[in-house]
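Residue-level listing of the chains:
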Amino acid sequence: MTAAVFFGCAFIAFGPALALYVFTIATEPLRIIFLIAGAFFWLVSLLISSLVWFMARVIIDNKDGPTQKYLLIFGAFVSVYIQEMFRFAYYKLLKKASEGLKSINPVSGLGFGIMSGVFSFVNTLSDSLGPGTVGIHGDSPQFFLYSAFMTLVIILLHVFWGIVFFDGCEKKKWGILLIVLLTHLLVSAQTFISSYYGINLASAFIILVLMGTWAFLAAGGSCRSLKLCLLCQDKNFLLYNQRSR
Amino acid sequence: MLFVPVTLCMIVVVATIKSVRFYTEKNGQLIYTPFTEDTPSVGQRLLNSVLNTLIMISVIVVMTIFLVVLYKYRCYKFIHGWLIMSSLMLLFLFTYIYLGEVLKTYNVAMDYPTLLLTVWNFGAVGMVCIHWKGPLVLQQAYLIMISALMALVFIKYLPEWSAWVILGAISVYDLVAVLCPKGPLRMLVETAQERNEPIFPALIYSSAMVWTVGMAKLDPSSQGALQLPYDPEMEEDSYDSFGEPSYPEVFEPPLTGYPGEELEEEEERGVKLGLGDFIFYSVLVGKAAATGSGDWNTTLACFVAILIGLCLTLLLLAVFKKALPALPISITFGLIFYFSTDNLVRPFMDTLASHQLYI
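All figures in this text were calculated on a predicted structure; none of them were measured in a lab.

Quick look at the overall build of chain B
Each helix and strand counted, chain B has 10 helices and four strands in total. When burial is assessed residue by residue, chain B has 54% of its 359 residues classed as buried. For chain B, the accessible area works out to roughly 15,400 Å², and carbon and sulfur atoms hold 68% of it.

Here is the structure:
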């Protein structure tokens, strides 16, 4: 595996997140702090879910076989649930910390997303720099590419989930929180139900597009504003850019 | 703010640890940690690491008190000489060793004249920037580099368990020394405040403008918010294990952060962080990278934990507006996350990854 694979997969997985970071967060130190706080919250949620999984494994006793797999699935579900709980806790923290919650929405999910993506993918990436042949035992040779795209999807999904979740919390529509949790469970579940990479990725992308549209609408966008933005006719946006220079 | 330099220092240390074999090879121990960890039983090993820690911390305490005494009796020349000697050693000797090992790792040949020229230029410019005048960015870069070099020395020469116990003990010491009324660092702070003197530049990283001689009217320490805590710098250089006389030590334990003053012309608040803090943060992350079974998750978890600790410390600083120890919160989080990620999260993530499950 070559440097080309390493850089290619790294940029596929983390490119959009990096772009989001550079354009929306790097300019304000406060947002950087919120980003790191988000990453920290995700980390703590992962820690607690690992603890739960570990305890379950110790209680059920180390047996190989299907028990381990079910235990893992249980661990994954618990982890998703705990992540959403911590997302709620993060919302509470941000609410207390700053008044203008709406304006920092991309940060909310990005912290979670980056940590989640990094933790899933970084070990694979570092392995891709070393020697080896992918798929020599009959697995798919597209392993790295699939992992990179899946990581990308997860990161972006976290960003969109963050926006939608916070919007739901602000408007006190608890149904939205449930939907976020369910879609998260769905994305996680289909990664192990189906062993075909193509189907996994395709359905994850479909969910991504749906969540993206929802997040865009929740953040106040509309077809008209999108058109204005793309045609560079959005006066507010242009003026804002002028001012900040 | 302070995230960028701390992150840079940690990146340098982790990159070196992961690529240069030299800093993860066991090649003897410092004279400050004489007890070996190659013992047959776990209890003996634990005992040895605790003893090592006690020796190390007492050396640090003695050095700190020595510096406070020197400062109180106005032996400025001695302190300056001490600091200059220690930065000389860091900038020339340690850089030479580091460069040698990096060149060896990448199998690049360099002739002695080029080496001499490079190291001389690097060291001389560093001495000028740190101890005299120079562009702020360059001074910051040099301070980051010497912190990273020092951290690498610690990572190489401290045995495993001793390193973790020392990290824990030093954050407790930092807490005590800065906050207790009779603590050496606090006494140092108060003495410096009484005398309205600026701080020694070789021990503190400052993120905003450094006041130079010409700005006499902008007296930094006259504002109540400014506290000047620092500790003497320490360097151990028992480069080989045969107990040869080590170089004269200068000592660098935990320093603290404090808010810069706000003046009319300046829009930014400069925050200062001691170099000892940089060093011990980097030691923690570097040790996690070196011993975390080749796992990046542990390193990243420690990194995030330390940054969050730094955030919280800065928050407390904004609330209390006096000198605070920067080590305790970050190191505590770092230690908790290191041990829990290594033992709990890593098996979980590995099992998930092997089944291609995404959470």
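That was the structure; now back to the text.
Here we look at the layout of surface pockets
As a volume, the largest pocket reaches approximately 1,600 Å³. The wall of the largest pocket is formed by 41 residues, among which A:Val118, B:Thr7, B:Ile11, B:Leu300 and B:Phe303 lie closest to the centre. Secondary-structure elements contributing two or more residues to the lining of the largest pocket are helix H1 (3-25), helix H2 (29-60) and helix H4 (105-128) of chain A together with helix H1 (3-19) and helix H9 (296-320) of chain B. Grouping the amino acids of the lining of the largest pocket by side-chain chemistry returns 35 nonpolar, five polar and one charged.

A few points about the packing of H2(A) against H9(B)
At a closest axis distance of 10 Å, the pairing of H2(A) and H9(B) adopts a crossing angle of 130 degrees. Relative to H9(B), the element H2(A) is oriented oblique. Judged by the sense of rotation from one axis to the other, the crossing of H2(A) with H9(B) is left-handed. Across the interface between the two elements, A:Ile33, A:Ile36, A:Ala37, A:Ala39, A:Phe40 and A:Leu43 from H2(A) touch B:Ala301, B:Val304, B:Leu307, B:Ile308 and B:Cys311 from H9(B). Residues of the contact of H2(A) with H9(B), tallied by class, amount to 11 nonpolar, no polar and no charged.

Side note on the pairing of strand S3 (residues 271-274) of chain B
Residues and elements named next belong to chain B. Here S3 shows no split at all, with Val271 and Leu273 on one side and Lys272 and Gly274 on the other all buried. Strand direction decides the pairing type here: strand S1 (residues 204-206) and S3, joined by three bridges, are antiparallel. Opposite Tyr205, over in S3, you have Leu273 as the bridge partner.

Here we look at helix H8 (residues 275-291) of chain B
An α-helix turns once every 3.6 residues. As a result, residues three or four positions apart point the same way. Look at H8(B): 24 Å from first C-alpha to last across 17 residues, which is about the 24 Å you get at 1.5 Å a residue. Counting buried residues in H8(B) gives 15 out of 17 residues, a clear majority hidden from the surface.

Quick word on the pattern of salt bridges
Residues and elements named next belong to chain A. A full pass over the atoms with the stated rule returns eight salt bridges over all chains. The salt bridge involving Arg31 is made with Glu28; its shortest N-O contact spans 3.7 Å. With a shortest N-O distance of 3.3 Å, Asp167 and Lys171 are connected by a salt bridge. In this structure Asp167 comes out as buried when scored by relative accessible area, which is 7%. Exposure remark for Lys171: the relative accessible area of 48% places this residue in the partly exposed category.

Parameters at a glance
- Residues numbered from 1 in each chain as written.
- Chains lettered and ligands numbered in written order.
- Predicted model: local features only at pLDDT ≥ 70, side-chain atom pairs only at ≥ 80, totals over all residues.
- Heavy atoms only, no water.
- Helix = DSSP H or I, 4+ residues; strand = E, 2+ residues; numbered from the N terminus.
- Buried < 20%, exposed > 50% of the residue type's maximum accessible area, 1.4 Å probe, protein only.
- Areas by Shrake-Rupley, 256 points an atom, 1.4 Å probe, with all protein chains shown as cover.
- 1 Å grid on protein atoms, 1.4 Å probe; cavity = no way out; pocket = protein on both sides within 12 Å on 5 of 7 lines; lining within 4 Å.
- Points joined across faces, edges and corners; volume = space filled by probe spheres on them.
- Nonpolar A, V, L, I, M, F, W, Y, C, P; charged D, E, K, R; others polar.
- Axes fitted to C-alpha atoms, helices over the stretch in contact; angles between N-to-C directions.
- Parallel < 35°, antiparallel > 145°, perpendicular 65-115°, else oblique.
- Left-handed = near helix turned anticlockwise from the far one by under 90°.
- Contact = heavy atoms within 4.5 Å.
- Pairing = 2+ DSSP bridges.
- Expected span 1.5 Å × (residues − 1).
- Salt bridge = Lys/Arg side-chain N within 4 Å of Asp/Glu carboxyl O.

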